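# Commentary on secondary and tertiary structure
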Amino acid sequence: NYITKQHVTQLSFYVNNITITIIMTIINLYLQIHNYTVEVSKNIKNLEDIFQLRYKIYKKIKFIETNENKIFYDNYDLFSQSFYVKYKDSIISSVRVTFNNNVIGFTTTNYFNIDISKYDASKMVCIGRWVKDKNIVLNSTTQHLLDIQLFYQVLKVLYKHNIRYIIFDSPINLINHI
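Residues numbered from 1 in each chain as written. Predicted model: local features only at pLDDT ≥ 70, side-chain atom pairs only at ≥ 80, totals over all residues. Heavy atoms only, no water.

Scanning the chain from terminus to terminus reveals four helices and five strands. Counting all 178 residues of the chain, 40% fall into the buried class. Considering only contacts within the chain whose residues lie at least 6 apart along the sequence, 70% involve residues at least 24 apart. When the accessible surface of the chain is summed, it comes to about 11600 Å², and 56% of that surface belongs to carbon and sulfur atoms. (Helix = DSSP H or I, 4+ residues; strand = E, 2+ residues; numbered from the N terminus. Buried < 20%, exposed > 50% of the residue type's maximum accessible area, 1.4 Å probe, protein only. Contact = heavy atoms within 4.5 Å. Areas by Shrake-Rupley, 256 points an atom, 1.4 Å probe, with all protein chains shown as cover.)

What follows is the structure, encoded as structure tokens:
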């Protein structure tokens, strides 16, 4: 039996995958000990809390007008998966992943002159609506670990759906809130 380059590559992938899983598990345990959770939204209550946080941040930067419901969502949310960071009982950060669809497309390609025709759109997502509540004071280590864990959760879902291309979409005036 000979060990080929393909065997070494596969073994390397598995070792790296196990290492990443162990590191992310340790980060997750650290965050849980400090009352943080990072999850994919699974119910209406989570989505309402995310939409309220979005409203608060987008209203603050004057990206949207006041509305009496104090929530901000759009039609892209119907084709999206939202992820969030919760501290104790409050959502303090969230990001949205919009999947390819034949109904309304992507925000980025609808509003900007971006040609994605050379890519397989079924393997593409648009990541946007990333917001953080800056009223919650975090030390920089915790903030970085939360961001890493949040995007690790996103990447797990993207991997599961065989996504190969990512478009990031964010208004420039949100830079202080991500």
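What follows concerns the nonpolar core. Counting 24 residues, the largest nonpolar core has F83, V97, I127 and V154 as the members making the most contacts within it. Contributing elements (two or more residues each) for this core: α1 (5-33), β1 (36-40), β2 (80-87), β3 (90-99), β4 (124-132) and α4 (140-160). With eight residues, α4 is the single largest residue contributor to this core. Those residues in contact with V154 that sit more than four places away from it in its chain are F83, V95, V97 and I127. Counting 11 residues, the second-largest nonpolar core is a separate cluster that includes L53, Y84, I91 and V131. (Core = buried A, V, L, I, M, F, W, Y, C linked by side-chain atoms within 4.5 Å.)

What follows deals with the environment of L47. The residue L47 is located in helix α2 (residues 44-60) in this model. For L47 and I71, which are 24 residues apart along the polypeptide, the C-alpha to C-alpha distance reads 9.9 Å. Leave out the neighbours within four places in its chain, and L47 touches S41 and S82.

Per-residue confidence for the chain averages 86 on the pLDDT scale, and 87% of its residues sit at or above 70. The weakest mean pLDDT in the chain belongs to α1 at 77; the strongest belongs to β2 at 96. (pLDDT = per-residue confidence, 0-100.)

Another point: the sheet that holds β3. Judged by pairing direction, the sheet is mixed, and its five strands sit side by side in the order β1-β2-β3-β4-β5 without closing on themselves. Edge strands, defined here as strands with exactly one partner in the open sheet, are β1 and β5 (165-169). When the angles between neighbouring strand axes are averaged without regard to direction, this sheet yields 20 degrees. Bridging between β1 and β2 involves five bridges; their strand directions are antiparallel. Paired with Y36 across the strands is Y87, a residue of β2. Here α2 sits on the sheet in contact with β2, β3 and β4, set at roughly 95 degrees to β3. On the sheet, α4 packs against β1, β2, β3, β4 and β5 and is oriented at approximately 155 degrees with respect to β4. (Pairing = 2+ DSSP bridges. Axes fitted to C-alpha atoms, helices over the stretch in contact; angles between N-to-C directions.)

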